[in-house]
Amino acid sequence: MMTLTAVQMQLADLDQKIRTVQKHILRTIQPLNTIRFHDGDVDGAEQPDFDDRDWPFFSTGRTWGGHDRLCWFRMPFTYAAVPGNEKPGVLIQPGKRFVFRSSEGGDLREYELLVYLDGRPLQSIDVRRTLIPLHDLVKPGERHLLALEAFSGLETHVHVFEQADLVAIHPLTEAFYYTARNLLDCLIAIGESHAAFPRLIAVLERALLQVDFFQTGTAAFFDSIARADEMLQKELGPEPTPAAGAPAVLCLGHSHLDLAWKWRVRHSIQKAARTCANALRLMELYPEFRYSQSQAQLYQWMQTHQPVLFTQIRERITSGQWEAIGGMWVESDCNIPNGESLVRQFLFGKRYFRRELASDPQTAWLPDCFGFCYSLPQIMKECGIRWFVTTKLSWNQFTSFPYDTFFWQGVDGTRILCHFITTPDRRGWNDYSVDLNAANVKGCWDSYRQQQANHEVLLSFGWGDGGGGPTAEMLENGRRLNAAGVLPFCRQGSVEGFFHDLEQRVSDLPVWNDELYLQLHRGTYTSQAKIKKQNRECEALLHHLELLSSIAYLRSGWYPQAEINRAWESVLLNQFHDILPGSSIVEVYQDCDQVYEQVRKTGAEIIQQALRRIGL
Ligand SMILES: [Zn+2]
């Protein structure tokens, strides 16, 4: 039987007390008891003036869902005033409660909902996000409408809709909870051998002793929280200023979205909307929040399917809070596509970023791709890319890749400055989709192998693979990571800002002169062989039809640019790093067959027309 040390018992006791405080952040005011439900998708159901009178009423405790269902809930409400300085919100629990301990999830086995407030896409509700803060959006006595576009997931089971309540958020209890929680997380991260440990654990203990746990939920309890918070703030003092050259972590909000994987492309379009809405809403609530998003294809989906979100994204790019990164059409596989395709990934990506987002990304952002070919540095440089980020090489099965910051030299001698994300996950691999907390900040710095050459590393936080992105909890943590002065100094910023600074700071970096081979995910050259064959056939087809169309243009001025671009975009999408390598579910490949069929049809028509104009 495992026995706990005195310090471990002390930490466990503090953890229990902090959890008790957490239970009193939210207070239910009233249930949302007018809910209408529609089992299926309906155009315009998010709009306040949508006529839902023939939809049946729904109540909490009832079930919804099943395999691959898109449903709607509509909840009109009038907000009653909340007392004192409490903040209004809505708590939605559309299924079973989950406790997640890792970065897994978002794989659409579970529900994901997009919340609209009075017709505006606001945020998602999912297994990690159940609260909708409304303090800046509603006033007492006003009538509003929440409409939920609810995706059931790809399992067959139904969900029990557990909760839909108007709630009041107690801001002081919330603030104290996060400050105490972060201090405890810091203590656990640094360990009892750290010189500051005895002082900091005593500070936390003294503060929690102020809390009247015998009268939880009463006015006396909340008064005691105020005293505890004041004491904790006073004892921690002002945030320390880091010394020049002290270890630092640039924290970057991001969400990795696989454009198909355990879900189909059509699901990813909805995931992208939920992810973008979350990031935009957090920018309103946390002005310091910075977010970076890659993949031109994702932005094009928003432009087509979510114009309100797309307009907001453009505004946030202009204001500098949102960074469009990556430069490629999708985060493509980098081993199987031919050289022309890799060039087109950047050409189509950069052209879109410049035209639609007034951005010119110079960082190849490929955290999850399964290895990188030797010719890529030359292609990147010629396409206007200066820097490269991945995480994947830490997943090597047998040998450890030796560098985290280095120059990658390609087959022609071109060099690209690279930085690898070094935040370790519970598997020991470095991860691009993590919580923002003390353990990850410390781990990100501790794992870094070029500490002698460079003092700042990159941490990409926010749930991903299936999108979702950063949460309010992460940003609350972000405000407190420097409070105890024992972690590497944290700041939020952009990827390209990071590289600009890095370039100025470092010299004499090591050089890796070879491909970046991933010793994992073997089988990606052979799995789903049909898609490899169709990809290569379409690459050849696109070459032929562009050649013949160019000759036809010289003869007649005819060139089907729009049709050729659409065909290329289809081929480029299917080169995504979970589609072309063969790591997606079978339905993804059924969709791909149809896409390639359309490309072949378009290609055959263009070639016929071109030959006619050439006179052959
Ligand atoms: Zn991925």
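Report on the accompanying structure.

Turning our eyes to something else, we now look at the sheet that holds strand β18 (residues 405–409). Strands pair in a sheet through their backbones, by hydrogen bonds, and they do so in one of two ways: parallel or antiparallel. Taken together, 5 strands build an open sheet; the order of strands is β16-β17-β19-β18-β22 and the sheet is mixed. Looking at strand neighbours, the two that pair on one side only are β16 (363–365) and β22 (511–513), the edges of this open sheet. Strand-to-strand twist across the sheet, computed as the mean angle between neighbouring axes with direction ignored, equals 30°. In this structure, β16 lies alongside strand β17 (residues 387–390), joined through 3 bridges in parallel fashion.

The full count for this structure, using the stated rule, is 32 aromatic pairs. Pairing F401 with F420 gives two aromatic rings, centres 5.6 Å apart and planes at 40°, and the pair type is tilted. Of this pair, F401 sits in the loop between β17 and β18 while F420 sits in strand β19 (residues 415–420), placing them 19 residues apart in sequence. Pair check on accessibility: F401 and F420 agree, each one buried. Both rings, one in F498 and one in F499, keep their centres 5.5 Å apart while their planes meet at 80°; by these two values the pair is edge-to-face. Relative accessible area serves as the criterion here: at 0%, F499 is assigned to the buried category. Aromatic ring contacts, followed pair by pair, group F37, F58, W64, F73 and F161 into a single cluster. We note R128 situated over the ring of W463; from NZ or CZ to the ring centre the distance is 3.9 Å. Across from the ring centre of F348, 4.8 Å away, lies the NZ or CZ of R351, which sits over that ring.

So, about the coordination of the zinc ion. Those protein atoms acting as donors to the zinc ion are H256 (NE2), D258 (OD), D368 (OD) and H577 (NE2), and they sit at 2.0 to 2.1 Å. Viewed at the metal, the 4 donor atoms of the zinc ion are separated by angles of 88 to 153°, and the geometry they form is irregular. Coordination of the zinc ion draws on donor residues from a single chain, spaced H-x1-D-x109-D-x208-H in sequence. With H256 in the loop between β13 (248–254) and α5 (265–285) and H577 in the loop between α14 (561–573) and α15 (586–614), this residue pair connects regions lying 321 residues apart in the sequence. Owing to a relative accessible area of 0%, H577 belongs among the buried residues under this scheme.

A separate point is the packing of helix α8 (residues 339–357) against α14. Where α8 contacts α14, the two axes come as close as 10 Å, and the packing angle between them is 110°. Compared by their axis directions, α8 and α14 come out roughly perpendicular. For the pair α8 and α14, the crossing hand works out as left-handed. Residue-level contacts link E340, S341, R344, Q345, F348 and R351 of α8 to N565, W568, E569 and L572 of α14. A breakdown of the residues in the contact of α8 with α14 according to their chemical character gives 3 nonpolar, 3 polar and 4 charged.

Reading the values: rules and limits
- For every chain, the first residue of the written sequence is number 1, and numbering continues from 1 along that sequence.
- Where totals are concerned, whole chains, interfaces and linings use all residues; where local detail is concerned, this predicted model gives features only for residues with pLDDT of at least 70, and gives and counts side-chain atom pairs only at 80 or more.
- Hydrogens and water molecules were not included; the side-chain quantities draw on all heavy atoms of the structure.
- When DSSP finds two or more bridges between two strands, those strands count as paired.
- Strands here mean DSSP runs of E at least two residues long; helices mean DSSP runs of H or I at least four residues long; both are numbered from the N terminus.
- Comment: axis = line fitted to C-alpha atoms, over the contacting stretch for helices; angle = value between 0 and 180 degrees taken between N-to-C directions.
- Only Phe, Tyr and Trp rings take part, Trp by its six-membered ring, and two of them pair if their centres are within 6.5 Å. Stacked means planes under 30 degrees apart, edge-to-face means over 60, and tilted covers everything else.
- Accessibility here uses a 1.4 Å probe with only protein chains present; expressed as a share of the type maximum, an area under 20% marks a residue as buried, one over 50% as exposed, and anything in between as partly exposed.
- Our definition puts a charge over a ring when NZ of Lys or CZ of Arg is within 6 Å of the ring centre and also within 35 degrees of the ring normal.
- Note on donors: an N, O or S atom is included if it sits within 2.8 Å of the metal, or within 3.2 Å for Na, K and Ca, and water is never included, so sites can look incomplete.
- Only two sets of limits are used to name each site, 85 to 135 degrees for every angle of a tetrahedral four-donor site, and over 155 degrees for opposite donors with all other angles from 65 to 115 for a square planar four-donor or octahedral six-donor site, with any other site named irregular.
- Working rule for angles: under 35 degrees goes down as roughly parallel, over 145 as roughly antiparallel, 65 to 115 as roughly perpendicular, anything else as oblique.
- Here a crossing is taken to be left-handed if its near helix is turned anticlockwise relative to the far helix by less than a right angle, and right-handed if that turn runs clockwise.
- Only heavy atoms enter the contact rule, under which two residues are in contact if any of them lie within 4.5 Å.
- Asp, Glu, Lys and Arg are counted as charged, while Ala, Val, Leu, Ile, Met, Phe, Trp, Tyr, Cys and Pro are counted as nonpolar; the rest, among them Gly, fall into the polar class.

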